[in-house]
Amino acid sequence: MKTINDSDLILGIESSCDETSAAVVRRGEEVLSNVVHSQIDVHAEWGGVVPELASRHHAEQIDLIIGLALERAGITIKDIDAVAVTYGPGLIGALLVGLAAAKSIALTRGIPLVGVDHIEAHIHSVELTHGPLEYPALSLVVSGGHTSLFYQRERFEYELIARTRDDAAGEAYDKVAKLLGLGYPGGPVIDRLAGLGDPKRYHFSPVRMSDGSADFSFSGLKTAVLNVTRAEPELLERKVKPEEDEDLLDLLAAFQTAVIDEIRRRIERIIKERDVRSVGISGGVAHNKGLRAAMGKLSEKRGLPILFPDGGYTADNAGMIAALGWHVLQLRGPAPLSLNAVPNLKLAEDNEAKRHPRSG
Ligand code: KG4
Ligand code: ZN
């Protein structure tokens, strides 16, 4: 059995949702390969991820993707010192495919298995791109499944200060795109079209939590968009290309502005309330051009860095799993081979009381 100190080259495996991915990363920093196979085509016709199709597709692809990651890194499986795998949160069947592959490699090669929390890996993707943040830091994970804000007094320490009460931000994008017949996933197409519209024509009121918490909510916004389409049903008819439909462009611009405002207000509030030296934003929605521009302005206004991961580490990828895996191995040690999938794994959700100061 190799020892932890040997663990230079980590093979990372990610299969929690609709990306099958494998990567090789040296000492948590140097990415030798990061292969991502997206299943978007498989799920597009259903307008969202179909769990059974996702697991089946992962099972078909995983060996091939791991082989490609090793080949692109210019190594063989014998060179790998440890294998890191996402064990939650995510879809149970999808997670089990990655776990089975990782366990069989760890067992047959006699190398450590490392269990990685997918959300912690998204947070870490910012450091994989920019190096260690300045702490205390604020980290927002904003994706199709999650919208959570963490306060980090120190590196690898998390306090959950806000999360969504209903839909995740990316889910709101996907549902609005589905309603308007713009396909799946909704984020990239709405982001592109929103930039062409006038955000002032429609107005969506900001959400405020009655208990004073900084929690997010996006389902009301989705309903507000639905109500606009009920009042103006022609928004659902595609007589011209979406790019040429001014009403549609204005509606999307207002929707995107409302999502970004919701995020900006939460982040600015925490920056004012607490000692925050830097902010990291990760997950699929961190691709959003409008969000990046708004955060650039906020960064200037508040005089602190607001950082995003590089494109390749923004959405689901195994590079971030292998990179964080190296740190997890040093800090927390290897996982037993009995490691199971935890679909509802929740990073730092033991501090519920702190999130509801007025009720607690
Ligand atoms: O991180 P990710 O790949 O998977 C999850 O863990 O959910 O995020 C996918 C989500 C989808 O909801 C997609 O619509 C959204 O990220 N997304 C975007 C953009 N690109 C992807 N949302 C807004 N603007 C974008 N440019
Ligand atoms: Zn993700």
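Figured I'd write up the structure that's included with this text. (Residues numbered from 1 in each chain as written. Chains lettered and ligands numbered in written order. Predicted model: local features only at pLDDT ≥ 70, side-chain atom pairs only at ≥ 80, totals over all residues. Heavy atoms only, no water.)

**So, unusual backbone geometry**
So, point 1. Of the consecutive residues Gly-88 and Pro-89, the connecting peptide bond is found in the cis state with omega at -10°.
So, point 2. Going from Tyr-184 to Pro-185, the amide bond is cis rather than trans, its omega being -5°.
So, point 3. By secondary structure assignment, the location of Pro-185 is in the loop between α5 (169-179) and α6 (186-194).
So, point 4. Even without being glycine, Arg-27 reaches a positive phi, approximately 50°.
So, point 5. Relative to the helices and strands, Arg-27 is located in the loop between β2 (19-26) and β3 (30-38).
So, point 6. Residue classification places Arg-27 among the partly exposed positions, given a relative accessible area of 40%.
So, point 7. Phi is positive for Phe-156, which is not a glycine, with a value near 65°.
So, point 8. Tracing the backbone shows Phe-156 in the loop between β7 (147-152) and β8 (159-163).
So, point 9. A relative accessible area of 17% places Phe-156 in the buried class. (Helix = DSSP H or I, 4+ residues; strand = E, 2+ residues; numbered from the N terminus. Buried < 20%, exposed > 50% of the residue type's maximum accessible area, 1.4 Å probe, protein only.)

**A look at the site of ligand 1**
So, point 1. Close to ligand 1 lie 20 residues, the nearest being Gly-144, Asp-174, Gly-187, Gly-284 and Asn-288.
So, point 2. Interatomic distance of 3.5 Å between a side-chain N/O atom of Ser-143 and an oxygen atom of ligand 1.
So, point 3. The side chain of Asp-316 places a nitrogen or oxygen atom 3.2 Å from an oxygen atom of ligand 1.
So, point 4. Out of a free accessible area of 550 Å², ligand 1 has 89% covered by protein chains.
So, point 5. Residue assignment for the shell around ligand 1 shows that the elements contributing at least two residues are α4 (118-130), α5 and α6.
So, point 6. Looking at the shell around ligand 1 element by element, the count peaks at four residues for α6.
So, point 7. Residues belonging to the shell around ligand 1 are distributed by class as follows: five nonpolar, 12 polar and three charged. (Near = heavy atom within 4 Å. Polar contact = N/O pair within 3.5 Å; in protein donor to acceptor, adjacent residues only side chain to side chain. Areas by Shrake-Rupley, 256 points an atom, 1.4 Å probe, with all protein chains shown as cover. Nonpolar A, V, L, I, M, F, W, Y, C, P; charged D, E, K, R; others polar.)

Scope: geometric values only; no functional claims are made or implied.
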